[in-house]
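Fold and contact review
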Amino acid sequence: QKEVEQNSGPLSVPEGAIASLNCTYSDRGSQSFFWYRQYSGKSPELIMSIYSNGDKEDGRFTAQLNKASQYVSLLIRDSQPSDSATYLCAPRAGFQKLVFGTGTRLLVSP
Amino acid sequence: DTEVTQTPKHLVMGMTNKKSLKCEQHMGHRAMYWYKQKAKKPPELMFVYSYEKLSINESVPSRFSPECPNSSLLNLHLHALQPEDSALYLCASSQVRGRGYEQYFGPGTRLTVT
């Protein structure tokens, strides 16, 4: 069974802090990894993709991948209240399938 | 332009009705997807079309019938639904070549079955 595990949260951080979101996956064959942000009542929005071990930075977001440990994370620097949302980790399993984790709810307090 | 559009935004239908959800993308993507999402759950894949052909059906009940008339359009025909089918229905699209197959979602159709 291919599984993706995320802490459901909520993860509460003060404004301006670093939020760290973690994800572990069971399928060693996964080669592509995606982070989606989903606001309540809205659709998922792709915010980061990562394919190689190491870090990938895009603005305030940094994705980190460690395939040996089957671990992927998302760091959000200078967190803002507008970052409050559910963050979904989604490794790609097979040709066109994403396996979504249950998501981590992030709350950023002013 | 990373935009996928879906109509209608909201739909209320009875269990004996027939309705259709529509999705359109203009990103030149050749793969399109239907997902179902229940409250506080992640999206669940229903169907995948690749080059306008159905490539994945995740054992979805036959009361859901997908259709891909061309590379930009995707429909989901609904018939004799059950109240438990009430959910957010999401369309997504992606490339079919390259490394990532990044999927971009539309805004969704909120379906209520009464």
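For the structure itself, consult the block above.
Okay, so let's go over this structure. (Residues numbered from 1 in each chain as written. Chains lettered and ligands numbered in written order. Predicted model: local features only at pLDDT ≥ 70, side-chain atom pairs only at ≥ 80, totals over all residues. Heavy atoms only, no water.)

1. Structural notes on the sheet that holds strand 1 (residues 4-7) of chain B
Residue and element names in this part refer to chain B. The cut-off we apply is this: At least two bridges found by DSSP between two strands are what make those strands a pair. Here a strand is any run of E in DSSP of at least two residues, a helix any run of H or I of at least four, and the numbering for each starts at the N terminus. Axis definition: a line fit to C-alpha positions, over the contact stretch in the case of helices; interaxial angles, taken between N-to-C directions, run 0 to 180 degrees.
One open sheet holds the four strands; their spatial order is 1-3-8-7, and the pairing between them is antiparallel. The open sheet has two free edges, formed respectively by strand 1 and strand 7 (64-70), since each of these has just one partner strand. Each strand of the sheet is rotated relative to its neighbour by a mean of 20°, with strand direction disregarded. Bridge count between strand 7 and strand 8 (residues 73-79): five bridges; the pairing is antiparallel. Counted as the bridge partner of serine 65 is histidine 77 from strand 8.

2. Concerning the pattern of salt bridges
To keep things clear, this is the line we draw: By definition here, a salt bridge exists when the distance from a side-chain nitrogen of Lys or Arg to a carboxyl oxygen of Asp or Glu is within 4 Å. Exposure classes here rest on a 1.4 Å probe applied to the protein chains alone. A residue is buried below 20% of its type maximum, exposed above 50%, and partly exposed in between.
Per the counting criterion, the structure on display carries seven salt bridges over all chains. For the salt bridge of A:Arg60 with A:Asp83, the shortest nitrogen-to-oxygen distance reads 2.9 Å. With A:Arg60 in the loop between strand 6 (54-58) and strand 7 (61-66) and A:Asp83 in the loop between strand 8 (71-76) and strand 9 (85-93), the pair connects residues that are 23 residues apart, well separated along the chain. A salt bridge links B:Asp85 to B:Lys36; the shortest N-O distance between them is 3.9 Å. In this pair, B:Asp85 sits in the loop between strand 8 and strand 9 (87-94) while B:Lys36 sits in strand 4 (residues 31-37), placing the two residues 49 residues apart along the sequence. Accessibility expressed as a relative area gives 2% for B:Asp85, which makes it buried. Overlapping salt bridges, with partners in common, bring together B:Lys36, B:Arg63 and B:Asp85 in one network.

3. Thoughts on the nonpolar core
To keep it simple, the criterion reads: Only buried residues count toward a nonpolar core. Its members are Ala, Val, Leu, Ile, Met, Phe, Trp, Tyr and Cys residues joined through side-chain atoms within 4.5 Å. Between two residues, a contact is recorded if the distance between any of their heavy atoms is within 4.5 Å.
Membership of the largest hydrophobic core comes to 24 residues, with the highest contact counts inside it found for A:Trp35, A:Val72, A:Leu74, A:Ile76, A:Tyr87 and A:Leu106. Aside from chain neighbours lying at most four places away, what touches A:Leu106 is A:Leu11, A:Val13, A:Ala19, A:Ile76, A:Asp83, A:Ser84, A:Ala85 and A:Tyr87. Counting residues in hydrophobic clusters, the runner-up holds 23 residues, among them B:Cys23, B:Met27, B:Phe64 and B:Cys91.

4. As for the interface of chain B and chain A
One widely used convention gives an interface's size as the accessible area the parts lose upon coming together. So the rule is basically this: A quick way to say it: buried area is the sum, across both parts, of accessible area lost when two parts are put together, with a 1.4 Å probe. Side-chain atoms alone can form a polar contact between residues adjacent in sequence; in general such a contact is a pair of N or O atoms within 3.5 Å, and within protein one must be able to donate a hydrogen while the other accepts it. As a working rule, the residues Ala, Val, Leu, Ile, Met, Phe, Trp, Tyr, Cys and Pro are called nonpolar, Asp, Glu, Lys and Arg charged, and the rest polar, with Gly in that last group.
Taken residue by residue, the interface counts 25 residues in chain B and 21 residues in chain A. Between chain B and chain A the total buried area reaches about 1800 Å² when both faces are included, carbon and sulfur atoms providing 55% of it. For the interface between chain B and chain A, the tally reads one salt bridge. Where B:Glu58 meets A:Lys97, a salt bridge forms, and the shortest distance between an N and an O atom there is 3.0 Å. Our count for the chain B to chain A interface comes out at eight residue pairs in polar contact (both at pLDDT 80 or more). Secondary-structure elements contributing two or more residues to the side of chain B that touches chain A are strand 4, strand 5 (44-50), strand 6 (53-57), strand 9 and strand 10 (104-105) of chain B. When residues of the side of chain B that touches chain A are assigned to their parent elements, the largest contribution, four residues, is made by strand 4 of chain B. Taken together, the residues of the side of chain B that touches chain A break down into 15 nonpolar, six polar and four charged.

Read these as layout, nothing more, since geometry by itself doesn't imply function.
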